[in-house]
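Structure assessment
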Amino acid sequence: MMYRHSWIAALIVCALTAGTHAAEPKTKTPPRGKKASIVEDGPRDYTSRNFLLHTDISADEAKELLQRLETMLTQVSKYWGKPNGQTIEMYVAKDVNSWPAGFFPPEAVDSMTTGGGLTMSQTRAMVNTLTGKKIGNIAAKSIVYAVADHGTPQHEAVHAYCHQSFGTTGPTWFAEGIAEIGHYWKDKDYSVQIHPEVLKYLQRSEPKPLAEIVDSRERTGDSWQNYAWRWALCHMLAYNPNYGDRFRPLGLQILAEQGATFQSVYGPMAPEIAFEYRFFLDHMDNGFRVDLCRWDWKTKAVGLRGSANVQSKIEAARGWQSSRLLAKEGQMYEFTATGEWSIEKEGDKLTADGDANGKGKLVGVMFDDYKLSDSFPLGTTGRWATPSDGVLFVRCDDAWNAIADNTGVITLKIKAAE
Ligand SMILES: [Zn+2]
């Protein structure tokens, strides 16, 4: 067999910034010329273990950025099980005009001046000269260009790591979704922490269907809105324990170009994913935790007859949890909830009746065929007639983005009323 080596170039243009930039692209840039003369010392180089940084930010800012990038890269490479083997070279510009004219490729200038970034990658591939088919990658090098905001260098560094380590960044939904997780990444914080404009957009829009997000015709650099959907899907899949176990092998297969797709890995779980993706978007807020609000698909619910009862332990610091009751429409039930919980760290202990405003009260919702009813109050004890068939799910009433600091567990007992 004959092989040849050929360089394949790839550009990942990242449309990262939220609506503010699109609506007012120039307002954030001070008058040119003036600004350039204020910059005293221009671009400099800084290095750390994995990064070579060319930048015009201050030495202190550069040190902080490198530290943040190193910590993120450690986490990312641990997650994907492949240490970064090659220096990641990055140009991070606060003011593109303080650099020599013509210094950056024009595409990079376009991205940076509109508040985004760009990763230029080259892969040296081994190609079978008879068939023209690619056999494997033997070298990969990326150069990152990013505006000096908080998230863009982190986003682009994920692309560079993936490309240099795996020779590819995968399909658009995956490449940009995980890069956006990197964009918003904060050490030891799994809560949603996204740009306020992106948040507002996701809260107010009709959810983009999953099939459209993972469509192979999607392209990078299209719009920040599409990046928001990619982020939402990848964040949910990566951080929700119901799907996280499959996200890593899926990602590795995608990065190794082994033909795995969203459908091949998650296909059988599509109804569950669609439900939890929708649920995530319905409760989207900074501070929301997909891990704490994962849906309980496993606990078996049972119907009640005679004097039999069901019992469940309900944690204050979780979303909806199964009561184990498979309720029948029109049937009357009796319930008692014992124990205490609180809705703040070291806050007042509350019963399942909650406080004077009803916060911390035990509330319920009916789940049937992937649909939820409106929620209704329960409390410590009472009788309740179910309006429809379904499984009763319950939780401690609190703002959805503020449940992580809750403590305590109550025990809920339900039996059929006479
Ligand atoms: Zn990107």
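Keep in mind the model is a prediction, meaning the values are calculated, not measured.

Definitions and cut-offs
Residues numbered from 1 in each chain as written. Predicted model: local features only at pLDDT ≥ 70, side-chain atom pairs only at ≥ 80, totals over all residues. Heavy atoms only, no water. Helix = DSSP H or I, 4+ residues; strand = E, 2+ residues; numbered from the N terminus. Buried < 20%, exposed > 50% of the residue type's maximum accessible area, 1.4 Å probe, protein only. Areas by Shrake-Rupley, 256 points an atom, 1.4 Å probe, with all protein chains shown as cover. Core = buried A, V, L, I, M, F, W, Y, C linked by side-chain atoms within 4.5 Å. Contact = heavy atoms within 4.5 Å. Expected span 1.5 Å × (residues − 1). Bend = angle between axes of the 7 residues up to and from the residue. Phe/Tyr/Trp six-rings, centres within 6.5 Å; stacked < 30°, edge-to-face > 60°. Polar contact = N/O pair within 3.5 Å; in protein donor to acceptor, adjacent residues only side chain to side chain.

On to the overall build of the chain, then. Of the regular secondary structure elements, the chain holds 12 helices and 16 strands. Taken across its 418 residues, the chain has 49% of its residues classed as buried. Of the roughly 20300 Å² that the chain leaves accessible, carbon and sulfur atoms contribute 51%.

The subject of this paragraph is the nonpolar core. The biggest cluster of nonpolar side chains holds 78 residues, and the ones touching the most others in it are Trp-173, Leu-202, Trp-231, Leu-237, Phe-247 and Tyr-266. Among the elements that line this core, the one with the most residues is helix α9 (residues 224–239), at 10 residues. Apart from the residues within four sequence positions on either side, Phe-247 is in contact with Tyr-79, Trp-80, Trp-173, Phe-174, Ile-178, Cys-234, Leu-237, Ala-238 and Tyr-266. Ranked by size, the runner-up nonpolar core spans 25 residues in total, among them Val-310, Phe-335, Phe-376 and Leu-412.

Here helix α10 (residues 241–255) spans 21 Å end to end across 15 residues, near enough to the 21 Å set by a 1.5 Å rise per residue. By the largest-angle criterion, Phe-247 marks the main kink of α10, which is about 30 degrees, and a proline, Pro-249, follows within four residues. Of all the positions in α10, only Tyr-243, Gly-244, Phe-247, Leu-250, Gly-251, Ile-254 and Leu-255 are classed as buried. On its buried face, α10 sits against α3 (59–80), α5 (152–166), α6 (172–183), α9, α11 (262–266) and α12 (270–282). Looking one or two residues beyond α10, the residue adopting positive phi is Glu-257, at roughly 55 degrees.

What follows deals with the packing of aromatic side chains. Following the criterion strictly, the structure yields 40 aromatic pairs and no others. Ring centres of Phe-367 and Tyr-370 lie 6.1 Å apart, and the angle between their planes is 80 degrees; this geometry places the pair in the edge-to-face category. Geometrically, the ring pair formed by Phe-376 and Trp-384 is stacked, given 5.5 Å between the ring centres and 25 degrees between the ring planes. Judged by its relative accessible area of 14%, Phe-376 is buried.

Take the side chain of Gln-321 next. Secondary-structure assignment places Gln-321 in strand β8 (residues 321–327). Judged by relative accessible area, Gln-321 falls into the buried class, the value being 6%. Of note is the side chain of Gln-321, whose polar atom sits 3.0 Å from the backbone oxygen of Gly-319. If near-sequence neighbours (up to four positions away) are discounted, Gln-321 is found in contact with Lys-313, Ile-314, Glu-315, Leu-392, Phe-393 and Val-394.

What follows covers unusual backbone geometry. Phi is positive for Glu-257, close to 55 degrees, though the residue is something other than glycine. Following the sequence through the fold, Glu-257 ends up in the loop between α10 and α11. Positioned with a positive phi, Arg-324 is a non-glycine residue whose angle comes to about 75 degrees.

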